[in-house]
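A structural walkthrough
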Amino acid sequence: MQPGMLQLLGLIVGRDLRLAMRHWDQVIQPLLFFVIITTLFPLAISPALDELRRIAPGVVWVAAMLAALLALESLFRPDIEDGTMEQWTLSGQPLSVMLLAKTATHWLLSGLPIVLMAPLVGSAMGMPPSAWGVTALSLALGTASLSVLGAIGAALTVSVRRGSVLLALLVLPLEMPVLIFGARAVDLAMHGEAVAGPLNLLAALLLLFISLGPFAMAAAMRISVET
Amino acid sequence: MSSNTESSVLNAPKAGTRWLWFHKLSSPPYAYRTSGVLRPWFLWSAVILLLVGTYGGLLLAPPDYQQKDSFRIIYVHVPSASMSLMVYVVMAVASAVGLIWRMKLAHALAAGCAAVGAWFSVLALFTGAFWGRPMWGTWWAWDPRVTSELIQLFLYLGFIALRSSFEDTQRADRASAILAIVGVVNVPVVKYSVIWWNSLHQGPSITLTGASIDSSMLWPLFVMLLAYALFFAAVMCDRLRVEILKRERNASWLADIGAKT
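What counts, and where the lines are drawn
Residues numbered from 1 in each chain as written. Chains lettered and ligands numbered in written order. Predicted model: local features only at pLDDT ≥ 70, side-chain atom pairs only at ≥ 80, totals over all residues. Helix = DSSP H or I, 4+ residues; strand = E, 2+ residues; numbered from the N terminus. Buried ≥ 20, exposed ≤ 12 C-beta atoms within 10 Å, placed from the backbone. Contact = placed C-beta atoms within 7 Å. Rg over C-alpha atoms; globule rule 2.2 N^0.38 Å. Expected span 1.5 Å × (residues − 1). Axes fitted to C-alpha atoms, helices over the stretch in contact; angles between N-to-C directions. Parallel < 35°, antiparallel > 145°, perpendicular 65-115°, else oblique. Left-handed = near helix turned anticlockwise from the far one by under 90°. Nonpolar A, V, L, I, M, F, W, Y, C, P; charged D, E, K, R; others polar. Core = buried A, V, L, I, M, F, W, Y, C linked by C-beta atoms within 7 Å. pLDDT = per-residue confidence, 0-100. Bend = angle between axes of the 7 residues up to and from the residue.

1. Quick word on the overall build of chain B
Tallying secondary structure elements over chain B gives 10 helices and two strands in all. The N-to-C order of helical and strand elements in chain B reads α-α-α-α-α-α-α-α-β-β-α-α. Sorting the 261 residues of chain B into buried and exposed places 39% on the buried side. Here the analysis covers contacts within chain B between residues at least 6 apart in sequence; of these, 75% occur between residues at least 24 apart.

If you want it as structure tokens, here you go:
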């Protein structure tokens, strides 16, 4: 029996969540990385909250971006290595939907924890409570975009030896618009100004990436799987 | 690694000859010969226009009332910056054609574009820095347009890096094609960055509705733009021929040409 598209999405999300439950240590790693990176800045620059407050939006966003990048390594590689991905490409089901489901799960496991942790990290760097909501919201929209863009890059480089440096090289330039709008939204919120503009742009970018990204992912994955 | 000459002829549509040129173009021997014939035309017209544009820009055009003689950098800076974007669009379109119609020559063209485009970006950034030193008082400003041009350069470098990490040319072609198409989102960002953000970089002097600079300064700029485009075409003829030689190194038609020359 052929599952419907939503059922297919649900099956894959369920499978990946179950797999992640059994490797909790790996799921936690990007979040730890995120916290550790933000800890470096007070040590390197200055522990004075006044100075940290100024750079807090950028630090939180850059750390989130790097953590998302780190997490991409485990997005497709296990499935390629044990042959699952090959089965998927041959299954006759839409590969783009399956990869989108994987990416969504990946965001739930690596992006969402960062989103929830970010206000805490931000407040440790002197961010006023009024900006916490916008920080979380901008990161929620932004990290989802990063997951989609990252998934395209991961699908392209998954069969390449030592692909992780290459992955960073490919994905980071593409992600920069997201970073610009995200950090800007947080910065505006800290100064009590209207944040609708950058947030709307972030949402628009996310919609664009979600609607077109899966096709690029699927095309890239087909190239990576065939050997 | 055999030639796809025969298959492209076989695939030619039966209905009409409207697409014949397209299928002819995808044949390596035809493209190899055509680009060889076109190359000197492109090259010499580019050289002549470069000389005319340089003479007009450096000697005939009057100094700017505000920027004095340093404005003359635009005759190098603007063409290279606009070429860095145009080359990317050419590269992305060629990549898309290569993916959709499985045309190997389009991939060869895209592969040739990357390094040229990267150099145009470098040239735009360097000339911008030399202009920025006297005008903005700094070599480098984290200005939206400068930053997005730098991102453009990174995209070219990423494309080149991705290509070189595959050993199989066909996989390299298709993987890098996807990257080129995805990266196209950056082109409008660079182009409109001066309008979207409050930028240190000056706004566009030339728009569709008219130009805000005097015609004595303007015509050398257009000549230079055209010269750069022709120069790019000439370089691409060479690069395409090299790519064809690399890809078709075992094909029999090359041996035929080699026997004649």
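2. A closer look at the overall build of chain A
Along the backbone of chain A there are eight helices and zero strands. Scanning chain A from its N terminus toward the C terminus, one meets helices and strands in the order α-α-α-α-α-α-α-α. A compact globule built from 227 residues should have a C-alpha radius of gyration of about 17 Å, and chain A, at 18 Å, falls within 12% of that. When its C-alpha atoms are laid out on the principal axes, chain A stretches across 60 × 35 × 30 Å. Across the 227 residues of chain A, 48% fall into the buried class.

3. A short note on the interface of chain B and chain A
Of the residues lining the interface, 16 residues belong to chain B; the matching set on chain A comes to 14 residues. Secondary-structure elements contributing two or more residues to the side of chain B that touches chain A are α6 (144-164) and α7 (169-183) of chain B. For the side of chain B that touches chain A, the leading source of residues is α7 of chain B, giving seven residues.

4. A closer look at helix α4 (residues 74-100) of chain B
The first and last C-alpha atoms of α4 of chain B sit 38 Å apart over 27 residues, in line with the 39 Å expected at 1.5 Å per residue. R102 of chain B sits one or two residues past α4 of chain B and shows a positive phi near 50°.

5. Some details on the packing of helix α5 (residues 104-135) of chain B against helix α9 (residues 215-247) of chain B
All names here are of chain B. Direction vectors running N to C along α5 and α9 enclose 125°, while the axes themselves pass 9 Å from each other. Viewed along their axes, α5 and α9 adopt a mutual orientation that is oblique. Crossing hand, α5 versus α9: right-handed. Touching K104, A108, L109, A111, G112 and V116 of α5 are F232, V235, M236, R239, L240, E243, I244 and R247, all from α9. Grouping the constituent residues of the contact of α5 with α9 by class yields nine nonpolar, one polar and four charged.

6. Here we look at the nonpolar core
In terms of nonpolar packing, the biggest core is built from 135 residues, with A64, A155 and A220 of chain A together with M91 of chain B touching the most fellow members. For this core, the element with the most residues is helix α3 (residues 49-81) of chain A, which contributes 15 residues. Those residues in contact with M91 of chain B that sit more than four places away from it in its chain are A110, C113, A114, G117 and A180 of chain B.

7. A few points about the environment of V87 of chain B
Residue and element names in this part refer to chain B. Within the element layout of this structure, V87 appears in helix α4. In this structure, the C-alpha to C-alpha distance between V87 and A110, residues 23 residues apart in sequence, is 9.2 Å. Those residues within four positions of V87 in sequence are excluded, and the remaining contacts are C113, V116, G117, F120 and F232.

8. Details of unusual backbone geometry
Residue R102 of chain B is not a glycine yet carries a positive backbone phi of 50°. Following the sequence through the fold, R102 of chain B ends up in the loop between α4 and α5.

9. A word on the packing of helix α5 (residues 95-124) of chain A against helix α8 (residues 196-225) of chain A
For any two helices packed against each other, the geometry is given by the interaxial angle and the distance between the axes. Residues and elements named next belong to chain A. Packing of α5 against α8 brings their axes to within 8 Å, and their N-to-C directions diverge by 105°. One element, α5, and the other, α8, form an angle in the roughly perpendicular class. Counting all contacts with α5, which are made through L95, S96, V97, L99 and L100, the residues of α8 involved are P214, F215, M217, A218 and M221.

10. Quick notes on the confidence of the model for chain A
On average, chain A scores 87 in pLDDT, and the residues at 70 or more come to 99%. Taken element by element, chain A is modelled with least confidence in helix α7 (residues 163-190) of chain A, mean pLDDT 85, and with most confidence in helix α6 (residues 132-157) of chain A, mean pLDDT 91.

11. Side note on α5 of chain A
Residues and elements named next belong to chain A. Taking 1.5 Å of rise per residue, 30 residues should cover 44 Å, and α5 covers 42 Å from first to last C-alpha, within 8% of that figure. Taken as a whole, α5 carries its principal kink of about 35° at M117; the proline P119 stands between one and four residues after it. The positive-phi residue at the C-terminal boundary of α5 is G126, with phi of around 90°.

12. A look at the environment of L32 of chain A
All names here are of chain A. One can find L32 in helix α2 (residues 24-44). By the C-beta count within 10 Å, which is 13 here, L32 ends up partly exposed. C-alpha of L32 to C-alpha of T157: the two residues are 125 residues apart in sequence and 25 Å apart in space.

13. Focus on the environment of A124 of chain A
All names here are of chain A. Examined against the element boundaries, A124 turns out to sit in helix α5. Of the residues examined, A124 has 15 C-beta atoms within 10 Å and is grouped as partly exposed. Distance from A124 to T38, taken between C-alpha atoms, is 9.5 Å for residues 86 residues apart in sequence.

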